[in-house]
2 protein chains.
Amino acid sequence: MTATTPDHGVEAAVHQVAGRARAAATELALATRARKDAALHAMADALVGAGPEVLAANAEDVAAAEAAGTATAIVDRLRLDVSRVAAMAEGLRDVAGLPDPVGEVVRGSTLANGLELRQVRVPFGVIGIIYEARPNVTADAAGICLKAGNAVLLRGSSSALRSNTAIVGVLRRAARDSGLPEDVVQLVPGEGHEPAKALMRARGLVDVLIPRGGAGLIRSVVEESTVPVIETGVGNCHVYVDAEADLEQAVAIVLNAKTQRTSVCNAAESLLVHRDVADEFLPRVVSALQEAGVTVHGDETFAACDGVVPATDEDYGREYLSLDISAAVVPDLGAAVEHIRRYSSGHSDAIVTRSQPAARRFVAAVDSAAVLVNASTRFTDGGEFGFGAEIGISTQKLHARGPMGLPEMTSTKYVVTGDGHVR
Amino acid sequence: MTATTPDHGVEAAVHQVAGRARAAATELALATRARKDAALHAMADALVGAGPEVLAANAEDVAAAEAAGTATAIVDRLRLDVSRVAAMAEGLRDVAGLPDPVGEVVRGSTLANGLELRQVRVPFGVIGIIYEARPNVTADAAGICLKAGNAVLLRGSSSALRSNTAIVGVLRRAARDSGLPEDVVQLVPGEGHEPAKALMRARGLVDVLIPRGGAGLIRSVVEESTVPVIETGVGNCHVYVDAEADLEQAVAIVLNAKTQRTSVCNAAESLLVHRDVADEFLPRVVSALQEAGVTVHGDETFAACDGVVPATDEDYGREYLSLDISAAVVPDLGAAVEHIRRYSSGHSDAIVTRSQPAARRFVAAVDSAAVLVNASTRFTDGGEFGFGAEIGISTQKLHARGPMGLPEMTSTKYVVTGDGHVR
């Protein structure tokens, strides 16, 4: 393959890093937990030690973003400080403290003919991660991939390139110093969109691709990739307040799900209310939301409340990620389920009810990664679920669904042991 | 969407069957095991009852295939008889007898804050299966999908269209008569390649696509599909005979793996022999293989044996599916692993050895769906593994790897139950 066109050059460069990742993964797959944990601690120490170097690189990224007129919210995500670097290091140490998923026997039996069958967790091999502005993802993703025995190819946004280069440089040196191949962590080189596209097409070289970021990024990876993808994170999450809801609980759950943090995928974006409680509940929830600064985009019934903006059909499909919520009154639980089936992104949907049959029916009928009963959608989170580390929240049904921890970053193999067995 | 071009017409037709499948899946997901098993038994009875109708349709397919000069092996796959129809019915009854994967609690715990967390198996929803000549796949796939709560869209080959239409007609009537929606089983309509392509692009309408057939079919589905795919079945399987092998066992295993059935993905296609035992083992294995009618495509050392054909690099990458095997002598176990890493399709690879350290090293280093020790590669099979039913053998690392039974035909959801919990 000669690099006659820019495209081929980019592809060759991506294949080259993928080849190095494969070689590193082959060695890493055989590394003991002790070796991997030692490397994670070395990486954490190195990050803290190299804090000034990382912060200086980050300051350049931030200055360039500000000079380019980037939105404040995005610059904030990009910005690192001493405590964020310390948090990255702490994250790596936390991952070191988690059990090693590799080698776990998922199932096993002795067959009638005496063959011993075991299904054992093994690393995927090479994982590609395509992500947006937050440079802390660089360390988090590298740590989780490494612990699960995978080499990682990181493709961050160009706005964070200096930060990511500094962080990856530190992690690679620490890996090498602790006796692992430095190519367990690599940045995918090159400018523009082509390197990410080459990564998406590197089937056979990259085992799994995980996009982390906004809906547009995720859609483009899902549609263009020939490498198997785990789709993450778009959340149009619903809270349904049933006829038999405890309305005080319902107000608290809606408020928490919408406002505790608005920019995250498990925040509520849509409120459905059973018509039997609408008269009593709507004024209470609308005023509570408005007091918290939320704009309610409501159907006709909601629009009768002061300050409610009429909702369009588009509103019900939106992931606002802001102080906005769509809202509608439904005639019954079945209509709520229908609405959710139509508009939900399949992330997290909650029911508030004191009725056991209603809860049972909602849980069975709503086809989402997480279905919550009398709890805020904000609980759909690897940390909250006790996974210790999270690489993202899968909204697809294949392989992993919901928050993904270390076990989700592995595949399995069957080991079959006999004594000269033939069929 | 108006059907202005043939393509749009095909797409609209595929979207229409997918929409009906979704509606059926929504109902099926809530069906109890008892209802599903009753439908499977009804389908089995109906198939036996409609045997003459199915065989008449099949006879037309066979006659057309023969008139078109189709290869005998393919016509044989296409051909049904009374015992094959009975076997299809028996397969459906077997699936009815298996435990229901839906509702299985995969993990569960109570979190520190009292939230109850359960990860529960749920159906995928709509599964698409694209397959080649064997009409028995039609009933097998429908039965497995139904038991796991999924509606299935079947796209068989045009050569089996009359047979598949007859079988699906019988299954649909039986489903309806037993109270399930008939659209739990549908054929994807239309001629040529476009309907399969529309199925591959029906992301959001179809949850998973499983290609079953030859390497060409599988490659095209994997490359063109935007629907998540489970790659199945291409098997370039190796047997490595170690320096410490029991050579009598080794001959038996090689012979069984190569010749017990040649047209299947778990048949051995390549033989590697440690050089320390080459002098003693090569003449024995070559003559045993040749007596069984196998052509050995060997490296220089093998080529010294009478009748061995010199192997090209291409031979080592081939899935012959015939009485042919590639063969090479390797200097050590590490070289065997290297060779397998380079040429294996990641299906099933075996070592024959009496050395525990060699077995351990081979199992750890060979990155395939199944790694066998002192056993024939032919054992990589859902039936042999005791799964009771098999939809195919996954050679990808995402979601399922190796033989796939009922649990692999499901996804999971998290159910989180609280008492007004907020963060």
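Please read these numbers as outputs of a predicted model, since none were measured by experiment.

### Here we look at the domain arrangement of chain A
Residue and element names in this part refer to chain A.
- As far as domains go, chain A holds domain 1 (6-231 + 401-417) and domain 2 (237-383).
- Each of domain 1 and domain 2 was reduced to a C-alpha centroid, and the two centroids are 35 Å apart.
- Taken together, the five residues of domain 1 in the interface contact eight residues of domain 2.
- Summing both sides of the interface, domain 1 and domain 2 together bury roughly 460 Å²; the carbon and sulfur share of this comes to 48%.
- Interface area lost by domain 1 to domain 2 is led by Arg134, Arg401 and Pro403, which between them contribute 75%.
- Inspection of the domain 1/domain 2 interface yields one salt bridge.
- Notably, a salt bridge pairs aspartate 367 with arginine 401, separated by 3.1 Å at the nearest N-O pair.

### So, the relation of the copies chain A and chain B
- After a rotation of 180° and a shift along the axis of 0.0 Å, chain A superposes on chain B with an RMSD of 0.0 Å. The two molecules are tied by a two-fold rotation axis, judged by turn and shift. Closest approach to the rotation axis among the C-alpha atoms of chain A is made by histidine 399 of chain A, whose C-alpha sits 1.8 Å away.
- Interface residue correspondence from chain A to chain B reaches 100%, placing this contact among same-surface, isologous pairings.

### A closer look at helix α14 (residues 333-343) of chain B
All names here are of chain B.
- Listed in full, the buried residues belonging to α14 are Leu333, Ala336, Val337, His339, Ile340 and Tyr343. The buried side chains of α14 occupy one side of the element, clustering within an arc of 160° when seen end-on. Turned more than 90 degrees from where α14 packs its buried face, Glu338 and Arg342 sit exposed.
- Here α14 starts with a cap whose side-chain oxygen sits 3.3 Å from the backbone nitrogen of glycine 334, and that cap is aspartate 332.

### Quick word on the side chain of asparagine 58 of chain B
- Tracing the sequence through the fold places asparagine 58 of chain B in helix α3 (residues 51-67).
- Those residues in contact with asparagine 58 of chain B that sit more than four places away from it in its chain are Leu78, Arg79, Leu80, Pro135 and Ser163 of chain B.

### Looking at the confidence of the model for chain A
Residues and elements named next belong to chain A.
- Across chain A, the average pLDDT comes to 95, with 98% of residues at or above 70.
- Here residues 1-6 is a poorly scored stretch, pLDDT under 50, and it has four contacts once near neighbours within four places are set aside; other chains count.
- For this predicted complex, the interface score ipTM comes out at 0.94, alongside a pTM of 0.93.

### Examining the packing of helix α2 (residues 33-49) of chain B against α3 of chain B
All names here are of chain B.
- Here α2 crosses α3 at 65°, and the two axes come no closer than 5 Å. Facing α2, whose interface residues are Leu47, Val48 and Gly49, α3 presents Gly51, Pro52 and Val54.
- Taken together, the residues that form the contact of α2 with α3 break down as four nonpolar, two polar and no charged.

### Some thoughts on the interface of chain A and chain B
- Contacts between chain A and chain B engage 68 residues on the former and 68 residues on the latter.
- Between chain A and chain B lies a buried interface of about 5700 Å² when both sides are counted; carbon and sulfur atoms form 54% of it.
- Considering only the surface of chain A that becomes buried against chain B, Leu398, Tyr414 and Arg423 of chain A emerge as the three largest contributors, covering 15% of it.
- Applying the counting rule to chain A against chain B returns eight salt bridges.
- With a closest N to O distance of 2.5 Å, glutamate 231 of chain A and arginine 203 of chain B form a salt bridge.
- At the boundary of chain A and chain B, one finds 43 residue pairs in polar contact (both at pLDDT 80 or more).

### Brief notes about the sheet that holds strand β10 (residues 309-310) of chain A
- Reading across from one edge, β10(A)-β9(A)-β11(A)-β8(A)-β7(A)-β12(A)-β13(A)-β16(B)-β2(B)-β1(B) is the order of the ten strands in this open sheet, with mixed pairing throughout. Edge positions in the sheet fall to β10 of chain A together with β1 (105-110) of chain B, since each has one partner strand and no second.
- The sheet contact formed by strand β13 (residues 370-375) of chain A and strand β16 (residues 410-421) of chain B spans five bridges and is parallel. For alanine 370 of chain A, the partnering residue across the bridge sits in β16 of chain B and is tyrosine 414 of chain B.
- Sheet strands touched by helix α15 (residues 356-365) of chain A: β7 (237-241), β12 (348-352) and β13 of chain A together with β16 of chain B. Its angle to β12 of chain A, the strand with the most contacts, is close to 170°.

### What to know about unusual backbone geometry
- The residue leucine 321 of chain B is not glycine, and still its phi comes out positive at about 55°.
- Looking at leucine 321 of chain B, the relative accessible area reads 34%, which means it is partly exposed.

### Description of the packing of aromatic side chains
- This structure, assessed with the given rule, holds ten aromatic pairs over all chains.
- Ring plane angle 75° and centroid distance 5.8 Å describe the contact between phenylalanine 385 of chain A and phenylalanine 387 of chain A, whose orientation is recorded as edge-to-face. Like phenylalanine 385 of chain A, the residue phenylalanine 387 of chain A is buried in the burial classification.
- In textbook terms, an aromatic cluster arises when at least three aromatic residues are bridged by ring pairs, as seen for Phe385 and Phe387 of chain A together with Tyr414 of chain B.

### Topic: the pairing of strand β11 (residues 324-330) of chain B
All names here are of chain B.
- Taking burial as the measure, the seven residues of β11 include seven buried ones, the bulk of the element.
- Side chains Asp324, Ser326, Ala328 and Val330 project from β11 onto one buried face, and the interleaved Ile325, Ala327 and Val329 project onto a second face that is buried too.
- Sheet topology places strand β8 (residues 268-274) next to β11; five bridges connect them, and they run parallel. Pairing of leucine 271 across the sheet is with alanine 327, part of β11.
- Sheet topology places strand β9 (residues 295-298) next to β11; four bridges connect them, and they run parallel.

### Digging into the environment of alanine 350 of chain B
Residue and element names in this part refer to chain B.
- Mapped onto the elements of the fold, alanine 350 is located in strand β12 (residues 348-352).
- It is 29 Å that separates the C-alpha atoms of alanine 350 and glutamate 223, two residues lying 127 residues apart in sequence.
- With residues up to four places along the chain from it excluded, the contact list for alanine 350 reads His238, Val239, Tyr240, Phe362, Leu372, Ala375 and Thr377.

### Here we look at the packing of helix α10 (residues 247-259) of chain B against helix α11 (residues 278-291) of chain B
Residues and elements named next belong to chain B.
- At a minimum axis distance of 10 Å, the contact between α10 and α11 shows a crossing angle of 35°. In the crossing of α10 with α11, the sense of the turn from one axis to the other is right-handed. Within the contact between the two elements, α10 uses Leu247, Glu248, Ala250, Val251, Val254, Leu255 and Lys258 and α11 uses Glu280, Phe281, Arg284, Val285, Ala288 and Leu289.

### Quick notes on the sheet that holds β12 of chain B
- Strand order in the open sheet formed by ten strands is β1(A)-β2(A)-β16(A)-β13(B)-β12(B)-β7(B)-β8(B)-β11(B)-β9(B)-β10(B), with mixed pairing between adjacent strands. Where the open sheet ends on each side, the last strands, each with one partner, are β1 (105-110) of chain A together with β10 (309-310) of chain B.
- Along the sheet, α11 of chain B contacts β7 (237-241), β8, β9 and β11 of chain B; its crossing angle with β8 of chain B, the most-contacted strand, is approximately 160°.
- Strands β16 (410-421) of chain A together with β7, β12 and β13 (370-375) of chain B of the sheet are contacted by helix α15 (residues 356-365) of chain B, whose axis makes an angle of about 170° with β12 of chain B.

The rules behind these values
Residues numbered from 1 in each chain as written. Chains lettered and ligands numbered in written order. Predicted model: local features only at pLDDT ≥ 70, side-chain atom pairs only at ≥ 80, totals over all residues. Heavy atoms only, no water. Domains from an automatic or database assignment. Contact = heavy atoms within 4.5 Å. Buried area = accessible area lost by both parts, 1.4 Å probe. Salt bridge = Lys/Arg side-chain N within 4 Å of Asp/Glu carboxyl O. Least-squares fit on C-alpha atoms with pLDDT ≥ 70 in both. Buried < 20%, exposed > 50% of the residue type's maximum accessible area, 1.4 Å probe, protein only. Helix = DSSP H or I, 4+ residues; strand = E, 2+ residues; numbered from the N terminus. Arc of directions from axis to C-beta. Polar contact = N/O pair within 3.5 Å; in protein donor to acceptor, adjacent residues only side chain to side chain. pLDDT = per-residue confidence, 0-100. Axes fitted to C-alpha atoms, helices over the stretch in contact; angles between N-to-C directions. Nonpolar A, V, L, I, M, F, W, Y, C, P; charged D, E, K, R; others polar. Pairing = 2+ DSSP bridges. Phe/Tyr/Trp six-rings, centres within 6.5 Å; stacked < 30°, edge-to-face > 60°. Left-handed = near helix turned anticlockwise from the far one by under 90°.

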